[in-house]
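# Structural overview for review
Letter by letter, the chains look like this.
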Amino acid sequence: MIPDEKQKFRRGVFLAISAYTMAGFAPVYFKLVAGIPVVEMLSHRIIWSFFLIALLLHCNRRWKMVQRIVTSKVNMLYLLCSTLSIGMNWLIYIWAIKSGQVLEASLGYYINPLINVLLGMILLGENLRRLQWIAVILAVCGVMVQLIAFGSVPFVAIALAFSFSFYGLIRKKANIDSQVGLFIETLLMLPAAMVYLFWVADTPTAHFFNNPLILNLLLMSVGVVTAVPLMCFAGAATRLKFATLGFFQYICPSLIFLLAVLLYGEAFTLDKAITFAFIWIALIIFSFDGINYNKQSGKPVEQK
């Protein structure tokens, strides 16, 4: 690789590791605000993320870039689709953590890398090798075993996996600056969040000026918890091949899994154990295939 490509690759790797590590510890934050209703928490997440990113854009003097994006119909169509994807992902994720389904949330992000390679093949024309096919089939088998043998479907996990995969896919296709893109996404969601929080929500915590200072500071910090990992992820998605993001995504679900079992004491039942076993084996095969392929080709893990 030429020096510029190598530097771009290294930055992508750093951003991916940073994004997934921070995302892996996010359940700790949402457990701290467990008393806030789901939609209300989602509204806070949108509002404070918007203001934080607006501040960053102002400091970096990037408003002209925002203007160029919002005047492009194609870019705005991409961002409208990515907004729907990430909004759905946020809502499901907050609900899962608050309802004690941290383990299922981790399963969703374990499945996510395999959904990435499947969507990469279908929509981006990225070819799947034989071992990659085996990995995807094993993941499907894991979900089917849970459905057939135990009569349950990991809806939360599947919804999280697909919504975040589509978000990454759309952002890669759009190739829009991560800060600018996330600013516009939160801007698109902002009116609904403001209406709900200030006119619809009728809970004690919805009255912001009556809340204790520590609670308000905690709610405002959701902007940092949300925006920083997503900006890192969006930056990585534009520098790395779509399938390669799966290598780094193991960080996030592994941390969430450990939090669910060791910190929050969620039961690791037989149906989940079987499904997780299939997914883990699939990911081992997928990783082995990627490492072996890159050794044979004499190339680094990724180049754009």
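What you see is a predicted model, and the numbers here were worked out from it, not measured in a lab.

Each value, and the rule that gives it
- Residue numbers run consecutively from 1 along every chain, following the written order of its sequence.
- The predicted origin of the model limits local features to residues at a pLDDT of at least 70 and limits the giving and counting of side-chain atom pairs to 80 or more, whereas totals for whole chains, interfaces and linings rest on all residues.
- Side-chain metrics in this entry use all non-hydrogen atoms of the structure; hydrogen atoms and water are not considered.
- Think of it this way: any DSSP run of H or I at least four residues long counts as a helix, any run of E at least two long counts as a strand, and we number them from the N terminus.
- Residue exposure (1.4 Å probe, protein chains only): buried if accessible area is under 20% of the type maximum, exposed if over 50%, otherwise partly exposed.
- Residues count as neighbours in contact if any of their non-hydrogen atoms are within 4.5 Å of one another.
- Shrake-Rupley sampling with a 1.4 Å probe provides the accessible areas, and residues are treated as covered by the protein chains on show and by no other component.
- Charged residues are defined narrowly, with Lys and Arg counted positive, Asp and Glu counted negative, and His plus the chain ends left uncounted.
- Where a charge sits is defined by one atom per residue type, namely NZ (Lys), CZ (Arg), CG (Asp) or CD (Glu).
- To form a nonpolar core, buried Ala, Val, Leu, Ile, Met, Phe, Trp, Tyr and Cys residues must be joined to one another through side-chain atoms within 4.5 Å.
- Each axis is a line fitted through C-alpha atoms, taken for helices only over the stretch in contact, and angles between the N-to-C directions span 0 to 180 degrees.
- Reported orientations rely on four angle classes, namely roughly parallel under 35 degrees, roughly antiparallel over 145, roughly perpendicular from 65 to 115, and oblique for the rest.
- Crossing chirality is assigned from the near helix's rotation relative to the far helix, an anticlockwise turn below a right angle marking it left-handed and a clockwise turn marking it right-handed.
- The definition of a polar contact used here is a pair of N or O atoms within 3.5 Å, where within protein one atom must be able to donate a hydrogen and the other to accept one, and adjacent residues in sequence count solely through side-chain atom pairs.
- The salt bridge definition used is simple: a Lys or Arg side-chain nitrogen within 4 Å of an Asp or Glu carboxyl oxygen.

### A short note on the overall build of the protein chain
Helices and strands together make up the secondary structure of the protein chain, namely 14 helices and zero strands. The buried share of the protein chain, taken over its 304 residues, is 52%. Taking contacts inside the protein chain between residues at least 6 apart in sequence as the whole, the part at least 24 apart equals 86%. Taken as a whole, the protein chain presents about 14400 Å² of accessible surface, with 70% of it coming from carbon and sulfur. In the protein chain, which carries 23 positive and 12 negative side-chain charges, the distance between the mean positions of the two groups comes to 10 Å.

### Digging into the nonpolar core
Ranked by internal contacts, the top residues of the largest apolar core, which has 90 residues, are Phe 30, Met 41, Tyr 93, Ile 111 and Phe 183. Sort the elements by how many residues they give to this core and helix H6 (residues 102–124) lands first, with eleven residues. Ignoring sequence-local partners within four residues, the contact set of Met 41 consists of Tyr 29, Phe 30, Val 33, Ile 36, Ile 94, Lys 98, Leu 219 and Val 222.

### Quick notes on the packing of helix H3 (residues 38–60) against helix H5 (residues 73–98)
Where H3 meets H5, the closest approach of the two axes is 10 Å, and the angle between their N-to-C directions is 130°. By the angle class used here, H3 and H5 are oblique. In this structure, the crossing between H3 and H5 has a hand that is right-handed. Where H3 approaches H5, its residues Val 38, Met 41, Leu 42, Arg 45 and Ile 46 are matched on the opposing element by Gly 87, Trp 90, Leu 91, Tyr 93, Ile 94, Trp 95 and Lys 98.

### A short note on the side chain of Ser 49
Tracing the chain through its elements places Ser 49 in helix H3. Classification of Ser 49 by relative accessible area gives buried; the value is 0%. Within polar-contact distance, the side chain of Ser 49 engages the backbone oxygen of Arg 45 at 2.6 Å. With residues near it in sequence (within four places) discarded, Ser 49 still touches His 44, Thr 186, Val 222, Gly 223, Thr 226 and Ala 227.

### Examining the pattern of salt bridges
Where side chains of opposite charge bring their charged atoms close, a pairing between them can arise. Applying the stated criterion across every chain yields a total of four salt bridges. For Asp 177, the salt bridge is made with Arg 62, and the minimal N-O distance between the two is 2.5 Å. With a gap of 115 residues between them, Asp 177 in the loop between helix H8 (155–174) and helix H9 (178–200) and Arg 62 in the loop between H3 and helix H4 (63–70) connect regions that are remote in the sequence. Salt-bridge contacts for Asp 289 lead to Arg 129; the nearest nitrogen and oxygen are separated by 2.8 Å. Taken together, the residues Asp 289 in helix H14 (residues 270–297) and Arg 129 in the loop between H6 and helix H7 (130–150) connect sequence positions 160 residues apart. The partly exposed category is assigned to Arg 129, whose relative accessible area is 26%.

### Focus on the environment of Ser 82
With respect to the secondary-structure elements, Ser 82 resides in helix H5. By relative accessible area, Ser 82 is classed as buried at 0%. A sequence separation of 81 residues divides Ser 82 from Ser 163, and the C-alpha atoms of the two residues are 9.2 Å apart. Those residues in contact with Ser 82, other than ones at most four positions away along the chain, are Tyr 167, Ile 170, Arg 171 and Glu 185.

### What about the environment of Gly 290?
Locating Gly 290 in the fold gives a position in helix H14. When its relative accessible area of 5% is taken as the criterion, Gly 290 is described as buried. Separated by 158 residues in the primary sequence, Gly 290 and Gln 132 have C-alpha atoms spaced 8.6 Å apart. Ignoring any residue separated from it by four or fewer positions in sequence, one finds Gly 290 in contact with Arg 129 and Phe 247.

### Here's the deal with the side chain of Glu 40
Of note, Glu 40 is situated in helix H3. Here Glu 40 occupies a buried position and makes no salt bridge, while the nearest side chain of opposite charge, Lys 98, is found at 8.9 Å. Of the polar contacts made by the side chain of Glu 40, one reaches the backbone nitrogen of Ala 206; its length is 3.3 Å. Leave out the neighbours within four places in its chain, and Glu 40 touches Tyr 196, Leu 197, Ala 201, Thr 203, Thr 205 and Ala 206.

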